[in-house]
Amino acid sequence: MKHGRWSFIRACTQLLLWSAFIVVIAASRDTTDNTFFSYLPRISPFLGLSISLTSRSVASIFYPALIFLLLSLIFGRFFCGWICPLGATIDCTDKQLAKPKIISSKKIFSIKPWKYVVLLIALILSVFGIQVSGVIDPISLAVRSYGTVIFSYVDTIIKVVFNALYYVPVLNVLTEFIFSFLKKHLLDYTQTQYYHHIPVFVLFAGILLFSVFSRRFWCKALCPLGAVYALTGKIAFLKRHVDAGKCTNCLSCEKTCRMNAIYDKGVSTFEGECIKCFDCLKACKFDAIKFKFSFPEIKRKLPVPSVENEYENIKFTRKKLLWSIAGSLIAIPVFKQKPEYKKNHARLIRPPGALPEQDFINACIRCGQCMKVCPTNGLQPSLFEYGADALFTPRLIPRIGWCEKNCNQCSAVCPSGALKTVPIPQKETTMIGTAYIIRDLCIPWSEYKNCLVCEEMCPTNKKSIIFKEETLINKRGQKVRIKLPYVLEDTCIGCGKCEHKCPVQGEGAIIVRTLKRPLQFMTG
Amino acid sequence: MKQPKSISRKSFLFKTAGIAGGLFIAPLYSKISGVFSRSLAHAASATDDRVVIVTASDISKESIEKMANKAFSQFGGINQFIKKGMNVVIKPNIGWNLPPERAGNTNPFLVETVARLCKEAGAKVLIFDNPCDSARLTYKQSGIEEAAKRAGAEIEYIDDRKFVEVKTPDGLYLKTVWVYKPMLDADFVINMPIAKHHSMSGLTISMKNLMGVIQNRMYVHMSLHSAIVDLTKTIKSDLVICDCLRILTNHGPNAGTPEDVKETRTIIMGRNPVTVDAYTTTLFGKSPSDIEYLSKAYKEKMGEINPGKMKLQKFSV
């Protein structure tokens, strides 16, 4: 019982780091330099490994992950219980959700090795140049879900509630005071909304809902990062020891363990599963449990089980290996079958500084940080429009928001180098697409009335949308002087401001498409 | 034993719902009864159509302060306009995500100086604009957010709920327009544009600056000149301080290269936006009648546009 403080310290640390995680995401709305934000997903060795395999080089940008990997050789799988933001979220919700009777604890043991299958499939796909690890990596997933969906959902809830109260006299003096405080210090400057927020949310909520089967079901059974740490945790120094003389086999530790890492009537531990939450220390009434540093026994044999085959299934069997190979074989065509037009889709506009399309997809870890920091909300996650392997990659939808002049935040926060940082002076001439006028919709071209909003908005130096004043004969046969807009393709950078501001409703009469030809053939 | 008087949960909920419902319906009623509907007085009255032009040898912060003080002294000092406790709105041009050297937005030092003078006169100062670029970056990049903080003025982002429909008195193009409410509620409005080239309207000065306080501004571009005249009629500008410290002579309003920026080191102050705008055109080497909205305003008898007939007062500090 006296060791209960360790369990408390862990819970406090977890809460503190989770709060820090939230603060880093929330603070990204305001600071003009968000470079610190870019370190967040780099703490995942799984992503580092996967990116290294895909790019066939050492992804040295992921050096923070190495620190945690080395630490895990000492402290075991502590990352999951102490640091992981997704783990913290699951810990918050799983007690309420868990219905322990759905799956017996014996079954849980047999589900555990599936996380190695997930890990192996992701790595095999990486070898074949298919990078989807970011979709399921817990750090990337947490950043993406919180940064894009959860924050904008909270934003929307607050705004909807306070907007309703705004029309209530007397009371609105108080609510507006609170609201203005929130707007000043918490909410985003523009209401962020994401086109594909539902798939992102469903994936996140689904992982939390897995806890219905068992506590921390995701971490036990599916998490690929958890699998990496389970492997290092097996040979770590910090281990759980049970004093057989004091232990009464009361099973209170086994019952309290959220990872089902204890077996054999509370005596033995799967070190790879133990996340060092120290709940068992707290639960043990007989002071029989100790966590001690000892040299790893590489060829440690499992003790003789009291019940036959109880934990035999936790091994990564040959069958599981076959499953992983089969799974990755099935996944290859799912991700690789991609007609050419999806790769060079006219409306697929990547943020400035993006690598060439295939390299970009392979390097992007789908953390969504670029979308979070985009001041105009124009960067949006894609779904399957541009191929399954481009899932959740960022693209610019100018009708939602344009690429802001004097801003390079998306490339500054990119943790994986999929977006190369573009210095602001260069950004003004970095082409990401070209604007085209749809003359049948354009007001001057089709209605013979002046408009020129696109020309006014064009932010490139000396304007890339120009106008010629011409005398035309309108549909009723009258002579009219009209200023007709034209796009200069060689200086247009495709920022999409014109498309965003075009007063023609719906799709707009000026649209930004990808470059007509590859960039090197555009100039000269 | 006496039972304490208690309220059941059911009746509590009913009563709360009743009160909340009543509060929700109250503003609806007042809307129907016309309490909130507005029709403003003819704004651009030509009571005082002097134009004060102050030029300096440089555009340092000190010179800007001197220029502003000199200009205000011609009107009898700032206390002539602003009394203690007044709500003053300063509407600069914070349209574009550009630094001050690129002449995209009103000079932050000028905004700071004017805001500070108003604060010293005992007024509450509010500064806002509806930028075309990202509001948060534009407020920062223009230096005006910083300037407002230094002067102790309040700066706010446009709140979409605060637009109210206003009838335009004999509008040429607009019948009604949705205007930002704090602009209408202010006791004194200082319109602080920067003089810039503008492809569609010719030049953007104080009249065009009013586009920053209306909703859905891109829909007025189909008949821009008439719309600008309508806005000037509808929305009052009690004082116009035109920033001609740096003017943008080409590729306006936002895409000027450093070569397009001309240092004219001037501020122009007046009470009638039409006359101020008309005089400002001469800095660009243009004649006021070249600008269609000025000729239209002249036809509507909103102010003198011929610089020869204006009451000009020129100074240099």
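Preceding this section is the structure that the text describes.
Predicted, not measured: the structure shown is a model, and the values here were computed from it.

Peer 1: How would you explain the overall build of chain B if you had to name every residue and give the values?
Peer 2: If you tally the helices and strands in chain B, you get 10 helices and 12 strands. Expressed along its principal axes, the backbone C-alpha trace of chain B runs to roughly 90 × 40 × 40 Å. Counting only contacts in chain B whose residues sit at least 6 apart along the sequence, the fraction spanning at least 24 positions is 73%. Put simply, chain B shows about 13400 Å² of open surface, and 54% of that area lies on carbon and sulfur atoms. When the 43 positive and 31 negative side-chain charges of chain B are each reduced to one mean point, those points stand 8 Å apart.

Peer 1: Can you break down the nonpolar core residue by residue, with the values?
Peer 2: In a soluble, globular protein the nonpolar side chains are often hidden away together inside. Core analysis: the largest hydrophobic core is formed by 91 residues, its most contacted members being Ile82 and Ile190 of chain B. Per-element accounting of this core gives the leading share, seven residues, to strand β10 (residues 239-248) of chain B. What Ile190 of chain B contacts, discounting residues up to four positions off in sequence, is Ile82, Val88, Val89, Ile90, Lys91, Val114, Cys118, Leu239 and Ile241 of chain B. Formed by 65 residues, the second largest nonpolar core is a distinct cluster that contains Ile51, Leu238, Ile262 and Cys284 of chain A.

Peer 1: So what's going on with the pattern of salt bridges? Which residues, and what values?
Peer 2: Enumeration over the complete set of coordinates arrives at 33 salt bridges over all chains. Linking Asp159 of chain B and Lys183 of chain A is a salt bridge whose minimum nitrogen-to-oxygen distance equals 3.4 Å. You can see Asp159 of chain B sitting in the loop between β4 (154-155) and β5 (163-167) and its partner Lys183 of chain A sitting in helix α10 (residues 171-185), one on each of two chains. Taking the relative accessible area as the measure of exposure, Asp159 of chain B reaches 9% and is therefore buried. Close ionic contact of Glu271 of chain A with Lys276 of chain A constitutes a salt bridge, the shortest N to O distance being 3.7 Å.

Peer 1: I'd love a proper account of helix α11 (residues 197-209) of chain A, names of residues and values included.
Peer 2: All names here are of chain A. With 13 residues, α11 extends 18 Å from end C-alpha to end C-alpha; this agrees with the ideal 18 Å at 1.5 Å per step. Of all the positions in α11, only Val200, Phe204, Ile207 and Leu208 are classed as buried. Here the buried residues of α11 occupy an arc of 105° about the axis, which is enough to place them on one side. Contact partners of the buried residues in α11: α5 (85-97), α9 (138-166) and α12 (217-221).

Peer 1: Outline the pairing of strand β12 (residues 311-316) of chain B, listing residues and values.
Peer 2: All names here are of chain B. With zero of its six residues buried, β12 lies for the most part at the surface. In terms of strand pairing, strand β1 (residues 50-55) meets β12 through six bridges, oriented parallel. Within the sheet, the bridge partner assigned to Val52 lies in β12 and is Gln313.

Peer 1: Could you give me a rundown of the side chain of Glu304 of chain B, with the residues and numbers involved?
Peer 2: Residue and element names in this part refer to chain B. By secondary structure assignment, the location of Glu304 is in the loop between α10 (292-299) and β12. A polar atom in the side chain of Glu304 sits 3.0 Å from the backbone nitrogen of Asn306. In this structure, Glu304 is in contact with Val274, Thr275, Ala278, Tyr298, Lys309 and Met310, ignoring residues within four places of it in sequence.

Peer 1: I'd like a description of the environment of Glu507 of chain A, backed by residues and values.
Peer 2: Residues and elements named next belong to chain A. Mapped onto the fold, Glu507 is located in the loop between α24 (497-501) and β10 (510-513). Of the residues examined, Glu507 reaches a relative accessible area of 55% and is grouped as exposed. For the pair Glu507 and Pro398, spaced 109 residues apart in sequence, the C-alpha separation works out to 9.9 Å.

Peer 1: Please give an account of helix α3 (residues 63-75) of chain A that cites residues and values.
Peer 2: Residue and element names in this part refer to chain A. Between its first and last C-alpha, α3 extends 19 Å over 13 residues, near the 18 Å set by a 1.5 Å rise per residue. Every buried residue of α3 is accounted for by Pro64, Ala65, Phe68 and Ser72. Down the axis of α3, the sector holding all buried residues measures 100°, keeping them to one side. Turned more than 90 degrees off the buried face of α3, the exposed positions are Leu66 and Leu70. Elements in contact with the buried residues of α3: α2 (45-55), α4 (78-82) and α13 (224-234). Once α3 ends, the next one or two residues include Gly76, with phi positive near 75°.

Here is what the cut-offs are and how they apply
Residues numbered from 1 in each chain as written. Chains lettered and ligands numbered in written order. Predicted model: local features only at pLDDT ≥ 70, side-chain atom pairs only at ≥ 80, totals over all residues. Heavy atoms only, no water. Helix = DSSP H or I, 4+ residues; strand = E, 2+ residues; numbered from the N terminus. Contact = heavy atoms within 4.5 Å. Areas by Shrake-Rupley, 256 points an atom, 1.4 Å probe, with all protein chains shown as cover. Lys, Arg positive; Asp, Glu negative; His and termini not counted. Charge placed at Lys NZ, Arg CZ, Asp CG, Glu CD. Core = buried A, V, L, I, M, F, W, Y, C linked by side-chain atoms within 4.5 Å. Buried < 20%, exposed > 50% of the residue type's maximum accessible area, 1.4 Å probe, protein only. Salt bridge = Lys/Arg side-chain N within 4 Å of Asp/Glu carboxyl O. Expected span 1.5 Å × (residues − 1). Arc of directions from axis to C-beta. Pairing = 2+ DSSP bridges. Polar contact = N/O pair within 3.5 Å; in protein donor to acceptor, adjacent residues only side chain to side chain.

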